[in-house]
Amino acid sequence: MKELLKDLDKAFENKIRLGIMSALVVNEYLDFNTLKNLIDVTDGNLASHLKSLEKKEYIAFKKEFLDRKPNTKYHATKKGKEAFKRHIQAIEKLLK
């Protein structure tokens, strides 16, 4: 059992961070408002969870302007995709 649990990543234990990574792994990128609406969280709540994933280097962002409005796009990094894949595979093994 200990062997199965080693690949579970604490970064994805929270359902909001799990939702963020799920969305970013299947999309090239998503902007802040799209993520907020998709996951159905407040600005502050989303921002804090994004920051947590940024610190682990699981996601990265790019700031740009669209019609003079700031727009932040997020994407999963290679490190983040690999960690997320290991986490999901660990869950699948536990369920077998």
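Refer to the structure above for everything that follows.
Residues numbered from 1 in each chain as written. Predicted model: local features only at pLDDT ≥ 70, side-chain atom pairs only at ≥ 80, totals over all residues. Heavy atoms only, no water.

(A) Looking closely at unusual backbone geometry. Despite not being glycine, Glu57 shows a phi value in the positive range, around 65°. Backbone geometry at Asp67 places phi at a positive 50°, although glycine is not the residue there. Tracing the backbone through its elements, the reader meets Asp67 in the loop between β2 (59–66) and β3 (69–76). (Helix = DSSP H or I, 4+ residues; strand = E, 2+ residues; numbered from the N terminus.)

(B) Representation of the nonpolar core within the structure. Phe12, Ile20, Met21, Leu24, Leu35, Leu50 and Leu53 are the most contacted members of the largest nonpolar core, which totals 21 residues. Among the secondary structure elements, those contributing two or more residues to this core are α2 (15–26), α3 (32–39), α4 (43–55), β3 and α5 (78–95). The element contributing the most residues to this core is α2, with 5 residues. Excluding residues within four positions of it along the chain, Leu53 makes contact with Ala11, Phe12, Arg17, Ile20, Met21, Tyr58 and Ile59. (Core = buried A, V, L, I, M, F, W, Y, C linked by side-chain atoms within 4.5 Å. Buried < 20%, exposed > 50% of the residue type's maximum accessible area, 1.4 Å probe, protein only. Contact = heavy atoms within 4.5 Å.)

(C) Structural view of the sheet that holds β3. One open sheet accounts for 3 strands, arranged β1-β3-β2; its pairing is antiparallel. Two strands bound the open sheet, and with one partner strand each, they are β1 (30–31) and β2. Of the strands in this sheet, β1, β2 and β3 are in contact with α2, which crosses β3 at around 85°. Strands in contact with α4 are β2 and β3; relative to β2, the strand with the most contacts, it is inclined by about 125°. (Pairing = 2+ DSSP bridges. Axes fitted to C-alpha atoms, helices over the stretch in contact; angles between N-to-C directions.)

(D) Structural detail: the environment of Leu50. Mapped onto the secondary structure, Leu50 falls in helix α4. Given the relative accessible area of 1%, Leu50 is considered buried. Ignoring anything within four residues of it in the chain, the contact list for Leu50 reads Ile20, Phe32, Leu35, Ile59 and Tyr74.

(E) Local environment of α3. Considered for burial, the residues of α3 that qualify are Phe32, Leu35 and Ile39. Relative to the axis of α3, the buried residues are bounded by an arc of 65° and lie together on one face. Those residues of α3 that are exposed and aimed more than 90 degrees away from the buried face are Asn37 and Leu38. Close packing links the buried residues of α3 with α2, β1, α4 and β3. N-capping of α3 is provided by Asp31, with a side-chain oxygen placed 3.3 Å from the backbone N of Asn33. In the segment just after α3, Asp40 is the residue with positive phi, at about 60°. (Arc of directions from axis to C-beta. Polar contact = N/O pair within 3.5 Å; in protein donor to acceptor, adjacent residues only side chain to side chain.)

(F) The packing of α2 against α3, seen in detail. Two elements in contact, α2 and α3, have axes separated by 10 Å at closest approach and are oriented at 120°. Regarding the angle of α2 to α3, the classification is oblique. In terms of crossing hand, the pair formed by α2 and α3 is right-handed. Along its contact with α2, which presents Ile16, Gly19, Ile20, Ala23 and Leu24, the element α3 presents Leu35, Leu38 and Ile39. Tallied by class, the residues present in the contact of α2 with α3 amount to 7 nonpolar, 1 polar and no charged. (Parallel < 35°, antiparallel > 145°, perpendicular 65-115°, else oblique. Left-handed = near helix turned anticlockwise from the far one by under 90°. Nonpolar A, V, L, I, M, F, W, Y, C, P; charged D, E, K, R; others polar.)

By themselves, these figures tell us nothing about what the structure is for.
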